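# Chains, contacts and geometry: an overview
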Protein chains: 2
Amino acid sequence: MGFSNSQESHLADLPTALTIADSIRHHNLPGAFTEPVAYAKEQSILSEGELATDIHIVVSGAVRLFKMMPDGRRQIIGFAFPGDMLGLSLDDRYLHSAEAISPVILRHMGRRQLAALLERDHGLRKALLAWTMTELQIAQDQMLLLGRKDATERLSSFLLTLLQRRNHSTEDRHLPLAMTRTDIADYLGLTMETVSRTISLLKGRRLIRPLADHSIELLNVPGLQDLAAGNAITVQLDP
Amino acid sequence: MGFSNSQESHLADLPTALTIADSIRHHNLPGAFTEPVAYAKEQSILSEGELATDIHIVVSGAVRLFKMMPDGRRQIIGFAFPGDMLGLSLDDRYLHSAEAISPVILRHMGRRQLAALLERDHGLRKALLAWTMTELQIAQDQMLLLGRKDATERLSSFLLTLLQRRNHSTEDRHLPLAMTRTDIADYLGLTMETVSRTISLLKGRRLIRPLADHSIELLNVPGLQDLAAGNAITVQLDP
DNA sequence: CGCAGGGTTGACTGTTTTCAATTTATGTGG
DNA sequence: CCACATAAATTGAAAACAGTCAACCCTGCG
């Protein structure tokens, strides 16, 4: 769920580099999760306000997490990819909705069962705290983006955080975009049209190259980093 | 740090109703915090990127937590009031800066000491997880506000969350505002001028009454709730 | 082959920003 | 305690960036 630029570290040696899924696997918890469950593209996984019965782990595919306003405005809170968790809340109701944006496979676990596991497993508690703090950090970076960045800065930041999340090999500048322009717009607090125009703008400046298969090649990562940070002056326009 | 509309509950009976300060007091941890330290209005408490040596608890006063961009744009991430914690991060560096917006008294504790306490104290771990998840929830509500609400909706939401945070007696509609218009603007992703204009607008609609002493009386809470939720249609303009 | 959904581009509108002037608070020193 | 200086807040007018409405294009799939 979500992603961020920030590097990770530790408070009391928390295993922050691992996903929650890794952690649960690593701690070898028997039968904790159900068998894999498949969801079709666009299918709803959980809804804000519903009783929070389960938490889910993404096995494959991509999920959008979002909040809606009564009149249909939507804010995407984050995207969840394989290894990410969704459905956790302190409350007994879900805090946001989740839908599959591609065919998705999930495993889930009852809330009470997770609570029981947490009581027993110290390492899992640490992993859960680390996960939550990482999500908080990501959310706060997103607050800066939504409150203070313009469209170009938002899109550059988005592409770079996606890159960081997806490609651990630093040389691969090739980004498959699982989500539509509308999803990107609802994540960045823009409209579909503005996202499309901004992509065209970055393409015109030779910073990115949109490919036919819903993926984008990042041609100038330092340039994008300048834009994302708000140093627009240093990026030269070319004819 | 921050505040939200959402009611609180429990995952595995976490003591979420308590602040971290309450929790630490409740668990009767001897000598954990230093003696109170005073900060003058506008004084810096900690800075983003600095080595995160300590966490702090607000004893009195109010603090703003924020991120800056290179060109001076500022996003306020949240406000901290008595009982709130600041300076916690997974990373070994602070994730945002903090400044006193009034004369402030804090107590602090070394990072390593907190880590040691956490190793020993199960209840404290639960409290810390609960605190972090509550902050995450608040941040996600703020993402919806920053990404999708207009100026009137932002200000109404802000006033209502402040009310909820400050007045546990539900009948007192009187809000002391510790922060300036500029602070409010930087929290809501607006400019000072727009905040001022929007306050005038709500005043003209008899929804609020700004008083001389930097406080605001909420004259029509249901009306503000409609606005905050985005049901602008139901709020009638009056001459 | 043609339809439907997603995407791009254009022209125009509108909300918020920017720049600027004025009024109202706040705080300090005489 | 008043007077001045300075900061905060309000209000106005103009500009800008993103939004809206609309037409068109592309692509994948039945």
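Check the entry above for the structure.
No experiment lies behind these values; they were computed from the predicted model shown.

## Some words on the relation of the copies chain B and chain A
In screw terms, the move from chain B to chain A is a rotation of 180 degrees and a rise of 0.0 Å along the axis, fitting with an RMSD of 0.0 Å. In symmetry terms, the pair is related by a two-fold rotation axis. Both copies present the same face, since 100% of the interface residues in chain B are matched by interface residues at the equivalent positions in chain A.

## So, the packing of aromatic side chains
Residues and elements named next belong to chain A. Enumeration according to the criterion identifies four aromatic pairs over all chains in this entry. Three or more aromatic residues joined by ring pairs form one cluster here, namely Phe79, Phe158 and Tyr187. Here the guanidinium or amino end of Arg74 rests over the ring plane of Phe66, the centre of that ring lying 5.8 Å away. The cationic tip of Arg166 hangs over the ring face of Phe81; the distance from NZ or CZ to the ring centre is 4.4 Å.

## Re unusual backbone geometry
Of note, the phi angle at A:Glu42 is positive, near 75 degrees, even though the residue is not glycine. Position of A:Glu42 among the secondary structure elements: in the loop between β1 (37-39) and β2 (44-46). Despite not being glycine, B:His214 shows a phi value in the positive range, around 60 degrees. When its relative accessible area of 56% is taken as the criterion, B:His214 is described as exposed.

## Focus on the protein's contact with DNA strand C
If you check the shell around DNA strand C, you find 16 residues, and the closest are A:Arg181, A:Ser196, A:Ser200, B:Thr194 and B:Arg197. Among the atoms of DNA strand C close to the protein, meaning within 4 Å, 58% are from sugar or phosphate groups. Note that a phosphate oxygen of DNA strand C is positioned 3.2 Å from one of the side-chain N or O atoms of B:Thr191. Separating a base nitrogen of DNA strand C from a side-chain N or O atom of B:Glu193 is a distance of 3.3 Å. Elements with a minimum of two residues in the surface near DNA strand C: α6 (192-204) of chain A together with α6 (192-204) of chain B. Examining the composition of the surface near DNA strand C, we find that five residues originate from one element, α6(A), more than from any other. Considering only residue class, the surface near DNA strand C consists of three nonpolar, seven polar and six charged.

## With respect to the protein's contact with DNA strand D
Residues in contact with DNA strand D amount to 16 residues; listed here are only the nearest, A:Ala151, A:Thr194, A:Arg197, B:Arg181 and B:Ser200. Sugar and phosphate atoms form 60% of the subset of DNA strand D atoms that lie within 4 Å of the protein. The backbone of A:Ala151 places a nitrogen or oxygen atom 2.7 Å from a phosphate oxygen of DNA strand D. In this structure, a phosphate oxygen belonging to DNA strand D sits 2.5 Å away from a side-chain N or O atom of B:Ser200. Of all elements in the fold, only α6 of chain A together with α6 of chain B reach the threshold of two or more residues within the surface near DNA strand D. Top contributing element to the surface near DNA strand D by residue count: α6(B), with five residues.

## Regarding the sheet that holds strand β3 (residues 54-60) of chain B
All names here are of chain B. Read from one edge to the other, the open sheet built from four strands follows the order β1-β8-β3-β6, with strand pairing classed as antiparallel. Both outer strands of the open sheet, β1 (37-39) and β6 (85-86), are each paired with one neighbouring strand and no more. When β1 meets strand β8 (residues 104-110), the two strands line up antiparallel, connected through three bridges. What sits directly across from Val37, in β8, is Leu106. Packed on one face of the sheet, helix α2 (residues 111-120) meets β3 and β8 and runs near 65 degrees to β8.

## Thoughts on the pairing of strand β4 (residues 63-68) of chain A
Put simply, side chains in a regular strand alternate between the two faces of the sheet. All names here are of chain A. The element β4 is extensively covered by neighbouring structure, given that five of its six residues are classed as buried. Looking at chain direction, β4 and strand β5 (residues 74-80) are connected through six bridges and run antiparallel. Across the sheet, Leu65 pairs through a bridge with Gly78, a residue of β5. Linking two consecutive strands that pair antiparallel, namely β4 and β5, is a turn of five residues; a positive phi of about 100 degrees is found at Gly72 within it. When β4 meets strand β7 (residues 97-100), the two strands line up antiparallel, connected through four bridges. The residue bridging Leu65 from the neighbouring strand is Ala98, located in β7.

Definitions and limits used
Residues numbered from 1 in each chain as written. Chains lettered and ligands numbered in written order. Predicted model: local features only at pLDDT ≥ 70, side-chain atom pairs only at ≥ 80, totals over all residues. Heavy atoms only, no water. Least-squares fit on C-alpha atoms with pLDDT ≥ 70 in both. Contact = heavy atoms within 4.5 Å. Phe/Tyr/Trp six-rings, centres within 6.5 Å; stacked < 30°, edge-to-face > 60°. Lys NZ or Arg CZ within 6 Å of the ring centre and 35° of its normal. Helix = DSSP H or I, 4+ residues; strand = E, 2+ residues; numbered from the N terminus. Buried < 20%, exposed > 50% of the residue type's maximum accessible area, 1.4 Å probe, protein only. Near = heavy atom within 4 Å. Polar contact = N/O pair within 3.5 Å; in protein donor to acceptor, adjacent residues only side chain to side chain. Nonpolar A, V, L, I, M, F, W, Y, C, P; charged D, E, K, R; others polar. Pairing = 2+ DSSP bridges. Axes fitted to C-alpha atoms, helices over the stretch in contact; angles between N-to-C directions.

Function-wise, these values are silent; they only describe arrangement.
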